[in-house]
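# Descriptive analysis of the structure
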Amino acid sequence: MTSKVDRLNSGGGGQSLLGIRWLLAGVGAVLISAAVSVASGPVSIPLGQVARELLDHLPLLEVDSSLSAADRAIIWDLRAPRVVLGLLVGALLAGSGAAYQGVFRNPLADPYLLGIAAGAGLGATIAIVAELRDVLGLVDPVPLVAFAGALVAVAAAGTLSVRRGQIGSPTTLILAGVAVANFFTAIQTFVQQQNSETLQQIFAWILGRLSTAGWTEVQLLIPYAAVSVVGLVLAIGPLDVLAVGDEEASTLGLRPRAARRAVLVVASLGAAAAVAVSGLIGFVGLVVPHAVRLVVGTSHRRVIPLSLLFGAAFLTLADVVSRTVQAPAELPIGVITAFIGAPFFLVILRRQVGS
Amino acid sequence: MSNTAGAISVAWSGVSVDLGGRTVLDSINLEVAAGSWTTIVGPNGAGKSTLLRTLAGTVAHSGTVRVGPANTSEPSGRNRARLLAMVPQHPVIPTGMQVFDYALLGRSPHQGLRFSASTKDRRSTEAVLDRLNLTPFSNRAVDSLSGGERQRVVVARALVQETPVLVLDEPMSFLDLRHQLEVLELVAELRAERDLTVIGSLHDLSVVGQFADRIAILDAGRLVADGHPAETLTSKLIARHWGVDARTEVDSEGAVTVTVRRRRPA
Ligand SMILES: Nc1ncnc2c1ncn2[C@@H]1O[C@H](COP(=O)(O)OP(=O)(O)OP(=O)(O)O)[C@@H](O)[C@H]1O
Ligand SMILES: [Mg+2]
């Protein structure tokens, strides 16, 4: 016998309600974290006024924020670009992390897997050491070369795991990624040792940071972020099907290898673009999707959108902390993500174990 | 819920499979009539699962496998998944996936590039879960269920797929007596309702003769007998291929009951 309560709690209705509630919570978290981040900094601007100023910029809304022109400039030229960058990078890291974990059916898979971190690291090192800025002039070359390095590494791992037209198993791909990463790291260390005067700059890059010069970084990132986010959302169905293994996935009408490759391409593109503008910010791609799965279950219909939203909010808040705890100095954001991410994650984990 | 395409037949002609240097299937010729229920029986390692997997296109084989009317080529990908649903002998159970979401996967060959399930997808999933008395489990993780509950959930996913051909590889191995009968009776009902073609493999010779209308015996990769249960489930064939002493009884409707007898030292 099924009781009435059981029926209300089960089935599709309850499921989608849960999903919608969390989706709204995610959107709320993004908005709140963005407002808090815009409001905090050396010049204090009250949160209420920030909120009104942001609302004023929404279409069809006329709100008077009574801000001075200088405050407006601080908001729109200094803080907003950084907040948007943080939102994008956070969303990309968490979203691609969720996709990697789904594709490899391994909750420990990381967006920096397959050599992305090592490739980007080598690219950034080369750009810094060779002082490419002087060559290129206005554009900051570090993100461009880091992005190229990350893509070369992923492509190398992908190509090396294909043999005679046969795509290798997920394990082959991961092992190829590990080998490629080690090779790139070896070259990077060599280059770095040859130019020890740039060590500090390289380490600053490796620890991750969200620093912006106006909207340039955001403009660099946006096309890749758009492609990657759309791709990740389209990957939701295939990711759920891949969870039952390749053989059953193909009885459900999916071509598992082709699907896996497509998902890896969009996830890697997003992760590589994120790493290019922000350096290596650890923990976000691992912890956010994991926390999301603990709360709403493993279906990618919920995991992907919520990872994107909460990843964005999480990184933005981490950025606020990194700017404020030791103001005017800034802590590397990678330190903060680990520092607040780990305890937060343990709390969720313990609550889950308890229930 | 009905499939308008009408019943579909399935045929193997000259199908052989080599795995790890051994011939696992040796030129199998078998035709399964549209709307029939055919069960493949045979001792462990005979090649039953391999034969069923050739239907799903997941094992390399020579010869041809046909799903659908004569002269149609072997379907692939999504088209095959719309024709044929499979309950594997050893399903991969994803960690943490909820029963409802798992059963909903059966809808995927019918969905385009979409990221949320339609109301119709949800409705038909709910209906199948309800029919298998699995509604109370909807929000449970599949990997937290008992062996028998899991097996029914896998059957649910295949039914959600709403295909004209249903392939069941040992779907009863973990089910208690009542649930065995319930699942088999449900399949029988659905077959009548939706004009399904059912192809299965079953170890339990005591029930197989009451449900299948055709039985194929497979031994060491060869098809050794094929026909009505009364012709194939005989003491002689059971002794020859399983090496056990069995008594068979045919009732007035042609259903066969097999009782296996313990061997006692003389
Ligand atoms: N990948 C493989 N490599 C080598 N041999 C294999 C492989 N897969 C299956 N086999 C062998 O093929 C034979 C048939 O296997 P199959 O699973 O089809 O048997 P089955 O009739 O379904 O047995 P059971 O009743 O135990 O389920 C077995 O002897 C098995 O060991
Ligand atoms: Mg088998």
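Small disclaimer: the values here were computed from a predicted structure and weren't measured. (Residues numbered from 1 in each chain as written. Chains lettered and ligands numbered in written order. Predicted model: local features only at pLDDT ≥ 70, side-chain atom pairs only at ≥ 80, totals over all residues. Heavy atoms only, no water.)

### A closer look at the overall build of chain B
Which entries qualify depends on this criterion: Counting from the N terminus, the helices are the DSSP runs of H or I reaching at least four residues and the strands are the DSSP runs of E reaching at least two. With C-alpha atoms as the basis for the radius of gyration, the globule rule is written as 2.2 Å multiplied by the number of residues raised to the power 0.38. A 1.4 Å probe rolled over the protein chains alone gives each residue an accessible area, and that area as a share of the maximum for its type sets the label: buried under 20%, exposed over 50%, partly exposed in between. A 1.4 Å probe and the Shrake-Rupley method give the accessible areas. Residues count as covered only by the protein chains that appear here. Only four residue types enter the charge count: Lys and Arg as positive, Asp and Glu as negative, with His and the chain ends excluded. For charged residues, the charge sits on one atom: NZ in Lys, CZ in Arg, CG in Asp, CD in Glu.
Each helix and strand in chain B was counted, giving 9 helices and 11 strands. Rg of the C-alpha trace for chain B: 19 Å, near the compact-globule value of 18 Å for 266 residues, within the 12% margin. Across its three principal axes, chain B shows a C-alpha extent of roughly 65 × 40 × 40 Å. The burial tally for chain B puts 53% of its 266 residues in the buried class. As displayed, chain B has an accessible area near 11700 Å², and 49% of this comes from carbon and sulfur atoms. Put simply, chain B has 29 plus and 28 minus side-chain charges, and the middle of one group is 4 Å from the middle of the other.

### Overview of the coordination of the magnesium ion (ligand 2)
All names here are of chain B. We count it as follows: Coordinating donors are taken as N, O and S atoms within 2.8 Å of the metal, stretched to 3.2 Å for Na, K and Ca; because water is absent from the atoms, sites can appear incomplete.
Here the magnesium ion (ligand 2) is held by the protein donor atoms Ser-49 (OG) and Gln-89 (OE1), which lie 1.9 to 2.1 Å from it. Linking Ser-49 in helix H1 (residues 48–56) with Gln-89 in the loop between strand E5 (84–87) and helix H3 (99–104), this pair joins segments that are 40 residues apart in sequence. Accessibility expressed as a relative area gives 22% for Ser-49, which makes it partly exposed. Residue classification places Gln-89 among the partly exposed residues on the basis of a relative accessible area of 27%.

### A closer look at the packing of aromatic side chains
Applicable threshold: Pairing of aromatic rings covers Phe, Tyr and Trp, the last counted by its six-membered ring, and requires centre-to-centre distances within 6.5 Å; plane angles under 30 degrees mean stacked, over 60 mean edge-to-face, and any other angle means tilted.
According to the stated counting rule, one finds 5 aromatic pairs over all chains in the structure shown. Plain terms: the ring middles of Phe-147 of chain A and Tyr-224 of chain A are 4.6 Å apart, the flat faces sit at 50° to each other, and that makes the pair tilted. Of this pair, Phe-147 of chain A sits in helix H7 (residues 141–160) while Tyr-224 of chain A sits in helix H10 (residues 216–234), and the two are 77 residues apart along the sequence. Under the relative-accessibility criterion, Phe-147 of chain A is labelled buried at 13%. According to the relative accessible area criterion, Tyr-224 of chain A is partly exposed, its value standing at 33%. Considering the side-chain rings of Trp-37 of chain B and Phe-211 of chain B, the 5.9 Å spacing of their centres and the 40° angle between planes classify their relative orientation as tilted. Within this pair, whereas Trp-37 of chain B is found in strand E3 (residues 37–41), its partner Phe-211 of chain B is found in helix H7 (residues 205–211), the two being separated by 174 residues in sequence. Summarising the burial analysis for this pair, Trp-37 of chain B and Phe-211 of chain B share the class buried.

### Comments concerning the pairing of strand E10 (residues 245–250) of chain B
All names here are of chain B. To keep things clear, this is the line we draw: At least two bridges found by DSSP between two strands are what make those strands a pair.
Bridge count for E10 against strand E11 (residues 256–261) is 6 bridges, and the pairing is antiparallel. Bridge pairing in E11 places Thr-248 opposite Val-258. From the end of E10 to the start of E11, which pair antiparallel, there are 5 residues, and Gly-254 there has a positive phi angle of about 90°.

### Some points on the sheet that holds strand E4 (residues 62–67) of chain B
All names here are of chain B. The condition is simple: Interaxial angle, 0 to 180 degrees, is taken between N-to-C directions of lines fitted to C-alpha atoms, where a helix line uses only the stretch in contact. Contacts are residue-level and defined by heavy atoms, with any inter-residue pair within 4.5 Å sufficient.
Ordered in space as E2-E1-E4, the 3 strands form an open sheet in which the pairing is antiparallel. Each end of this open sheet is capped by a strand with a single partner; those strands are strand E2 (22–32) and E4. Averaged over all neighbouring strand pairs, the angle between strand axes comes to 20°, with direction disregarded. The sheet contact formed by strand E1 (residues 10–19) and E2 spans 7 bridges and is antiparallel. Looking at the pairing, Asp-18 lines up with Thr-23 of E2. Strands in contact with H1 are E1, E2 and E4; relative to E1, the strand with the most contacts, it is inclined by about 115°.

### Details of the interface of chain A and chain B
Definition in use: Buried area adds together the accessible area that both of two parts lose upon being put together, with accessible area traced by a 1.4 Å probe. By salt bridge we mean one thing: a side-chain nitrogen of Lys or Arg within 4 Å of a carboxyl oxygen of Asp or Glu.
In this complex, chain A contributes 29 residues to the contact, which on the side of chain B involves 40 residues. For the pair chain A and chain B, the summed buried surface comes to about 2700 Å²; carbon and sulfur atoms form 53% of the total. Summed over the three residues of chain A that lose the most area to chain B, namely Thr-251, Leu-252 and Arg-301 of chain A, the buried surface amounts to 23% of that side. Scanning the region where chain A abuts chain B turns up 4 salt bridges.

### Some points on the site of ligand 1
Residues and elements named next belong to chain B. Counted only if it meets this: Any residue with a heavy atom positioned within 4 Å of a molecule or strand is treated as near that molecule or strand. We define a polar contact as two N or O atoms separated by no more than 3.5 Å, with the added condition that, inside protein, one atom must be a possible hydrogen donor and the other a possible acceptor, whereas residues neighbouring each other in sequence contribute only through side-chain atom pairs. Each residue gets one label: Ala, Val, Leu, Ile, Met, Phe, Trp, Tyr, Cys and Pro are nonpolar, Asp, Glu, Lys and Arg are charged, and the others, such as Gly, are polar.
Lining the immediate surroundings of ligand 1 are 13 residues, of which Gly-45, Gly-47, Lys-48, Ser-49 and Thr-50 lie closest. Between ligand 1 and the protein, one listed contact pairs an oxygen atom with a side-chain N or O atom of Arg-22 at 3.4 Å. The backbone of Ala-46 places a nitrogen or oxygen atom 3.2 Å from an oxygen atom of ligand 1. Its free accessible area being 640 Å², ligand 1 has 64% of it covered by the protein chains. Secondary-structure elements contributing two or more residues to the shell around ligand 1 are E2 and H1. Of all the elements, H1 adds the most residues to the shell around ligand 1, at 3 residues. Residues belonging to the shell around ligand 1 are distributed by class as follows: 3 nonpolar, 8 polar and 2 charged.

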